[in-house]
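# Coordinates in review
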Amino acid sequence: AAAATGGRRAASRATGPQNVCLLLTRRAHGFYARDAGVTHRKNLGLLRKIMCQESTKFKNVWTTHSASPIAYERGRIYLDNYQCCISSIAQEPRILYQKEKCSKSEKIEDALLLECPLGEMLPSPSHYKSSLIVLTVRNWLLRLSADSGEILEKVHLAGSSCKFRYLSWDTPQEVMVVKSAQNKLPAAARQAGIQQSVLFYLAVFQVLPLSFIGMLEINKKIFGNSVTDVAVSNGILIVMYSMGLVRLYNFQAISEQFMEQPFDLGHEFNWDGQVGVVGKYPFGLPCNIKITDTPPLLFEVSSLENAFQIGGYPWHYIITPNKKKHKGVFHICSLKDNALARNGIQDMKCCSLEPDWIYFHPDMSGRIIHVGPNLIKVLKLNEVENNTDQMEIAEDFTIVANRENCVNNAVTVTASGRVVKKRFNLLDDDPEQETFKIVDYEDELDLLSTVAVTQIGADGRAHLDFHCNEHGILLKSIPLLESWDVTYSHEVYFDKDLVLHIEQKPNRRFSCYVYQMVCDAAKDDECSSHEKTGRVFCKKGGRFFEYI
């Protein structure tokens with residue numbers, strides 16, 4: 001009977017809907033209750049509703065100051081050059097670990113948070129926990145436990161002749177790139193006529209488990225004398241030039257064509273007369289991708305200050321024409337044939353100290369976000385009617401700064417009747433007018449967040465607003481209690497029920513302000529049951545907990 005029942009279940013599964021779009025739609029609507037993703041989405045939906053309630057507040061629960069930069073990654077605050085790690089998830093931030101002060105030779109130059117991929121078998125138990133990949137000033141690449149700071153893996157990259165400084169993702173959480181600083185000869189060497197042909201080194205790694213893909217050099221003999229920067233992103237080698245030129249190459253094709261020999265970390269090698277162990281001191285990593293000829297060019301474009309972005313569907317790119325007079329003007333063009341989209345020239349005609357900025361929406365919807373001092377435009381790509389080969393840029397929605405009380409009349413009349421004419425107009429980002437400073441996207445709650453600032457005398461006031469990502473409707477506004485000086489550098493992180501503000505003041509003084517979601521104290525310590533799922537949510541000390 002059990003076998004027959006099992007057979008019927010298997011048959012029912014086999015004869016179920018096979019259309020992929022229908023399966024995804026049914027999953028989004030919660031038809032598969034045992035799917036962990038459904039439960040997670042329901043939880044996030046509840047959190048979003050609770051957070052946007054009028055009675056829900058964000059309270060400043062913790063503040064700290066530091067003489068060194070402060071970093072934030074997924075609920076962890078890093079101080080003292082990553083030597084101190086503080087968890088911001090607890091009701092009050094608490095220290096996860098505190099290491100002894102490191103020497104200048106052990107200083108960390110850059111870091112990336114590494115998280116375990118879902119549904120994959122990994123060789124070591126440590127791979128299933130979050131870790132931090134850090135790059136030290138002495139060219140050591142370390143993988144640290146995110147919770148204890150313990151060194152889990154270490155790789156020596158190169159000797160002192162090459163200075164690695166930057167970490168970035170080629171493919172997030174899968175392929176990592178370590179980039180050197182630009183090689184520059186000392187003045188004495190240049191005067192002596194010595195020439196340096198290698199401009200940058202790039203070392204590429206697969207992560208979890210950490211494995212070496214290859215190292216290549218960007219040589220001016222191959223790519224030209226005017227190379228100013230280089231990057232690898234989404235399998236594309238991006239080379240930038242001083243005259244605004246941007247060239248794209250297929251990195252995978254380059255590695256396959258020019259790799260002389262593959263190497264594995266920890267294995268002995270004999271390379272250019274050197275015998276050593278890959279990734280161990282003092283040998284480091286061999287430069288095993290030798291580009292001997294100019295690789296095939298995928299794409300080339302000229303843009304002011306090398307500003308170039310790709311996104312949308314079908315693929316489009318955004319550039320600024322390569323002349324200073326066009327600063328603040330953005331062209332949206334088809335990647336297929338370089339055709340300018342209809343309404344593809346976006347120009348806010350701002351008169352401001354800080355320029356407006358534009359980028360493809362990180363929610364993968366293909367939309368575009370254009371941010372000016374007092375206006376945020378969310379744009380979308382539509383097919384032109386009766387012409388499916390051309391796309392047009394249409395406005396999806398806008399968010400406007402609150403400047404109702406702003407009066408900027410060129411002519412005013414005093415109480416005595418005297419007419420006064422202004423000799424100048426206020427800038428669009430004048431500090432006394434509400435101005436957008438930061439726009440971000442919270443992917444788990446599907447909210448668009450904005451930070452708007454108004455300078456009142458010597459005191460600046462900022463508020464963080466949450467908008468519906470689909471329609472732009474304002475759902476909640478959170479005042480930031482600390483003063484906001486528009487001349488300082490600021491970062492604001494919105495991470496589910498947490499808001500974190502990092503401020504850099506002159507003379508390398510840093511401050512961190514942590515806000516957490518709380519509820520009306522009069523309604524604390526209450527429990528409620530979700531009517532459909534029966535799951536119980538309780539409030540303790542102003543925070544929400546689920547009882548399972």
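Residues numbered from 1 in each chain as written. Predicted model: local features only at pLDDT ≥ 70, side-chain atom pairs only at ≥ 80, totals over all residues. Heavy atoms only, no water.

### Regarding the overall build of the chain
Looking only at helices and strands, the chain has 6 helices and 39 strands in total. A total of 548 residues make up the chain; the buried ones form 43% of that total. Of the contacts formed within the chain by residues at least 6 apart in sequence, a portion of 46% connects residues at least 24 apart. Approximately 30,400 Å² of the chain is accessible, and the part contributed by carbon and sulfur atoms is 51%. (Helix = DSSP H or I, 4+ residues; strand = E, 2+ residues; numbered from the N terminus. Buried < 20%, exposed > 50% of the residue type's maximum accessible area, 1.4 Å probe, protein only. Contact = heavy atoms within 4.5 Å. Areas by Shrake-Rupley, 256 points an atom, 1.4 Å probe, with all protein chains shown as cover.)

### With respect to the side chain of Ser87
Mapped onto the elements of the fold, Ser87 is located in strand β4 (residues 84-87). Separated by 3.4 Å, the side chain of Ser87 and the backbone nitrogen of Ile89 make a polar contact. Among all residues touching Ser87, those that are not within four sequence positions of it are Gly75, Pro93, Arg94 and Leu96. (Polar contact = N/O pair within 3.5 Å; in protein donor to acceptor, adjacent residues only side chain to side chain.)

### Some thoughts on the nonpolar core
One recurring pattern in soluble globular proteins is that nonpolar side chains are buried together. Counting residues in each nonpolar core, the largest one holds 30 residues, and the members touching the most others are Leu141, Leu157, Phe164, Met176, Val178, Phe205 and Leu285. Going through the elements one at a time, β6 (108-114), β7 (131-136), β10 (164-171), β11 (175-180), β12 (198-206), β13 (211-219) and β17 (268-271) are the ones with two or more residues in this core. Of the residues forming this core, the biggest block, 4 residues, is contributed by β12. Beyond its immediate stretch of four places on either side in the chain, Val178 contacts Leu135, Leu141, Leu157, Phe164, Tyr166, Leu167, Tyr201, Leu202, Ala203 and Phe205. If you look at the next biggest cluster of nonpolar residues, it comprises 23 residues, including Phe200, Val204, Leu216 and Val227. (Core = buried A, V, L, I, M, F, W, Y, C linked by side-chain atoms within 4.5 Å.)

### Topic: the UniProt feature "transmembrane region" (unreviewed entry) in the chain
In this structure's numbering, the residues bearing the UniProt feature "transmembrane region" (unreviewed entry) are residues 198-218 and 230-249. For residues 230-249, the end-to-end C-alpha separation is 11 Å, with 0% helix and 75% strand making up the annotated structure. (UniProt positions renumbered as here; feature names shortened; annotations may be inferred.)

### A short note on the layout of surface pockets
Roughly 1,800 Å³ of volume is contained in the largest pocket. Trp169, Pro172, Pro362, Tyr441 and Asp443 are the residues nearest the centre of the largest pocket, which is lined by 41 residues in total. Those elements giving two or more residues to the lining of the largest pocket turn out to be β2 (71-73), β6, β10, β15 (236-241), β16 (245-250), β20 (308-311), β30 (435-442) and β34 (489-495). Looking at the lining of the largest pocket, its residues break down into 23 nonpolar, 8 polar and 10 charged. (1 Å grid on protein atoms, 1.4 Å probe; cavity = no way out; pocket = protein on both sides within 12 Å on 5 of 7 lines; lining within 4 Å. Points joined across faces, edges and corners; volume = space filled by probe spheres on them. Nonpolar A, V, L, I, M, F, W, Y, C, P; charged D, E, K, R; others polar.)

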